[in-house]
Amino acid sequence: MKRILLACSSGMSTSLLVTKMEQHAQSIGDVAKIWAVGQDKAKKEMADADVVLIGPQMSFLKGEFQKEASKYNIQVDVIDMMAYGLADGKKAYDQALSLIGNK
Amino acid sequence: MFEKLSQFLIPLAGKLNNNRYLAVLRDAFMLAFPLTIFGSIFVVLTNLPFLNKLLSDDSVMTLQSSFAIASQATMGILSVFVVFGIGYYLSKSYDVEAVFGGVIALASFLILTPFAIEAESGEVVANVIPLDRLGAKGMFLGMITAFIAGEIYRKIVQRDITIKMPAGVPPAVAKSFAALLPALITLTVFLAVNVIVTLGFNTNLHDFIYDVIQAPLVGLGSGIIPTLIAVFFIQVLWFFGLHGQIIINSVMDPIWATLALENLEAFREKAELPNIVSKPFIEVFTVGMGGTGMTLAVVIAILWFMKSKQMKQVGKLGVGPGIFNVNEPIIFGLPIVMNPIVVIPWIIAPMVVTGFTYFTMATGIVPRPTGVTVPWTVPIGISGYLATNSFRGSLLQIVNLLIVFVIWFPFLKALDKTNVKKEREAENQNKAS
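What counts as what
- Residues numbered from 1 in each chain as written.
- Chains lettered and ligands numbered in written order.
- Predicted model: local features only at pLDDT ≥ 70, side-chain atom pairs only at ≥ 80, totals over all residues.
- Helix = DSSP H or I, 4+ residues; strand = E, 2+ residues; numbered from the N terminus.
- Buried ≥ 20, exposed ≤ 12 C-beta atoms within 10 Å, placed from the backbone.
- Contact = placed C-beta atoms within 7 Å.
- Nonpolar A, V, L, I, M, F, W, Y, C, P; charged D, E, K, R; others polar.
- Pairing = 2+ DSSP bridges.
- Axes fitted to C-alpha atoms, helices over the stretch in contact; angles between N-to-C directions.
- Right-handed = clockwise from strand over helix to strand, strands pointing away.
- Domains from an automatic or database assignment.
- pLDDT = per-residue confidence, 0-100.
- Parallel < 35°, antiparallel > 145°, perpendicular 65-115°, else oblique.
- Left-handed = near helix turned anticlockwise from the far one by under 90°.
- Expected span 1.5 Å × (residues − 1).

Trainee: Explanation requested: the overall build of chain B in the structure shown.
Mentor: Tallying secondary structure elements over chain B gives 20 helices and 2 strands in all. Projected onto its principal axes, the C-alpha coordinates of chain B cover approximately 85 × 60 × 40 Å. Taking all 433 residues of chain B together, the buried fraction comes to 45%. Long-range contacts, defined as pairs at least 24 residues apart, comprise 71% of the intrachain contacts of chain B with a sequence gap of at least 6.

Trainee: Help me understand the interface of chain A and chain B, please; the structure alone is not making it clear to me.
Mentor: Contacts between chain A and chain B engage 19 residues on the former and 21 residues on the latter. Elements that contribute at least two residues to the side of chain A that touches chain B include exactly α3 (62–70) and α4 (81–85) of chain A. The biggest single contributor to the side of chain A that touches chain B is α4 of chain A, with 4 residues. By residue class, the composition of the side of chain A that touches chain B is 11 nonpolar, 7 polar and 1 charged.

Trainee: What am I meant to see in the sheet that holds strand β2 (residues 32–38) of chain A here?
Mentor: As a general point, the strands of a sheet are linked pairwise by backbone hydrogen bonds and lie either parallel or antiparallel. Residues and elements named next belong to chain A. The 4 strands lie next to each other as β2-β1-β3-β4, forming an open sheet whose pairing is parallel. Of all strands in the sheet, those with a lone pairing partner are β2 and β4 (75–78), marking the two edges. Adjacent strand axes in the sheet meet at a mean angle of 20° when their direction is disregarded. Bridging between strand β3 (residues 51–54) and β4 involves 4 bridges; their strand directions are parallel. Of the residues in β4, the one forming a bridge with Ile54 is Val78. Along the sheet, α3 contacts β3 and β4; its crossing angle with β4, the most-contacted strand, is approximately 165°.

Trainee: What am I meant to see in the pairing of β3 of chain A here?
Mentor: Strand residues, when the strand is regular, have side chains that alternate between the two faces of the sheet. All names here are of chain A. Of the two faces of β3, the one holding Val51 and Leu53 and the one holding Val52 and Ile54 are both buried throughout. Direction of pairing for strand β1 (residues 2–8) relative to β3: parallel, over a ladder of 4 bridges. Bridge pairing in β3 places Ile4 opposite Val51. Between β3 and its parallel partner β4, the chain crosses via α3, and the hand of that crossover is right-handed.

Trainee: Would you explain the domain arrangement of chain B in this entry?
Mentor: Interfaces are often sized by the accessible area lost when the parts come together. Residues and elements named next belong to chain B. Domain boundaries in chain B define domain 1 (2–223) and domain 2 (229–432). Computed from C-alpha coordinates alone, the two centres of domain 1 and domain 2 are separated by 31 Å. Taken together, the contact between domain 1 and domain 2 spans 30 residues of the former and 28 residues of the latter. Residue contributions to the side of domain 1 that touches domain 2 peak at 9 residues, all from helix α2 (residues 20–45).

Trainee: Even after reading the chapter, I still don't get the confidence of the model for chain B, so can you show me in this structure?
Mentor: Caution is warranted with low-pLDDT regions, since their predicted coordinates should not be read in detail. Put simply, chain B has an average pLDDT of 86, and 99% of its residues get 70 or more. Across the interfaces of the predicted complex, the ipTM metric reaches 0.71, alongside a pTM of 0.81.

Trainee: Help me understand the environment of Leu141 of chain B, please; the structure alone is not making it clear to me.
Mentor: Residues and elements named next belong to chain B. If you trace the backbone, Leu141 turns up in helix α8 (residues 139–158). Taking the C-alpha atoms as reference points, Leu141 and Ile213, 72 residues apart in sequence, are found 8.8 Å from one another. Sequence-distant contacts of Leu141, that is, excluding residues within four places in its chain, are made with Leu112, Leu205, His206 and Ile209.

Trainee: Even after reading the chapter, I still don't get the packing of helix α12 (residues 224–239) of chain B against helix α13 (residues 244–268) of chain B, so can you show me in this structure?
Mentor: How two helices pack is summed up by the angle between their axes together with the distance between the axes. All names here are of chain B. Two elements in contact, α12 and α13, have axes separated by 8 Å at closest approach and are oriented at 150°. Classified by the angle their axes make, α12 and α13 are roughly antiparallel. Handedness of the crossing formed by α12 with α13: right-handed. In contact with Ala230, Phe233, Ile234, Gln235, Leu237 and Trp238 of α12, α13 contributes Gly244, Gln245, Ile247, Ile248 and Met252. Grouping the constituent residues of the contact of α12 with α13 by class yields 8 nonpolar, 3 polar and no charged.

Trainee: Help me understand helix α18 (residues 343–362) of chain B in this model?
Mentor: Along an α-helix, a turn takes 3.6 residues, which lines up residues three or four apart on a common side. Taking 1.5 Å of rise per residue, 20 residues should cover 28 Å, and α18 of chain B covers 29 Å from first to last C-alpha, within 8% of that figure. Two residues or fewer after α18 of chain B comes Gly364 of chain B, characterised by a positive phi angle close to 85°.

Take a look at the structure:
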């Protein structure tokens, strides 16, 4: 199972993308746990994730999050801006998979 | 040029967002948030405009006075919760026992608070705590005290100046003994300061900090020019794809919250509301309305008047969240970020609206915000009423939306034209191949 954590300012704006990513994962027969949290909770929740994606408006957190994520040996990246804006579940999901693969 | 600016802004935003004190301050205000909502609900309910038509004036008064405690016990003494929150979250950020940090900060604040009231007649009543000093008036002293108390407490704990209990003592007991010396030392410092100030200078730190720091800072923050500057920076940061509010608000929130509290205190006493600029002014009427940068108007313009498929799709995605003032689809999908075609309306529109809103409230066309807390996700129309306790507030929101619409329209048209052209070219290419 793939576990993908999304983080944004309050966990609200990414929840739409979560739904779209889940739909895409289901449509290709993947079992995935995808969830969104606010930036303050993200560090704690990382322990349960295989990859962390952050909303583009929080791109300045990448360095700090990566430091924490390295403890769990996982990758952090900023969600592609257009994929985020257009709630492109496939693109964001593929981005997550490629990051898990690179681990 | 944009690239260079962005390289400069991203680390700066990161630093501001991760600054320990600003993060603690943000969390401390969030701690008080549910309480202020509770208080606000009852202020709104007991001040509904048709209430005096259903009930006699006397019953309205009785109703208001019996429910007043809901906001007095929460927003009326907001500094208490903020002080505890700062002490708690600051200690937590240093990984020392947080709850003791919270109570030590609170006790330090109370030590500096005079337990007496001077009546207008000059008579001094002893053994009472003046409530206003625990509310808006004591906010800045509270914040300063809490940070200093938290710092002293954690330094002593970290230097290991604590009493250690032998193994086998219950953890709760051991913890309270561990906090004993740090608490004694921190509180003694504040006691000494208070004795010096009261005996030596015949005043108290409340009045001193209020006169020297709070009144000038808050006064500055309530002006229209500083507010326009803050709005400008929120918009510029978002233009570079950075969360403008998280960054700017962590600096401005203490000021905007204090201004709102001052209004609420006046509203409760049925006095004239002193401030226009305040937390609800920013969130409900200007830059936060319909999503950051007021983009609900942009969504409407796209859905009704634009032809490009890509823009239509963004509009459809944006309308649902936009109603609840969430607008990431527009910011990143249109996109607004780093898009030179829309930079002008993006920055100008909220500033024009800020000026206009200020004007309508300064002239009394629309009542000033009462200071109640309105959650930022409440839709336009409802939030305007809640913030001002008047339907004119709702009307103002709709006018503001129209202003944004008009400013954006020519720029959206230009963007639409280039998008339609691109889409047509792509189609033709597909057909040709």
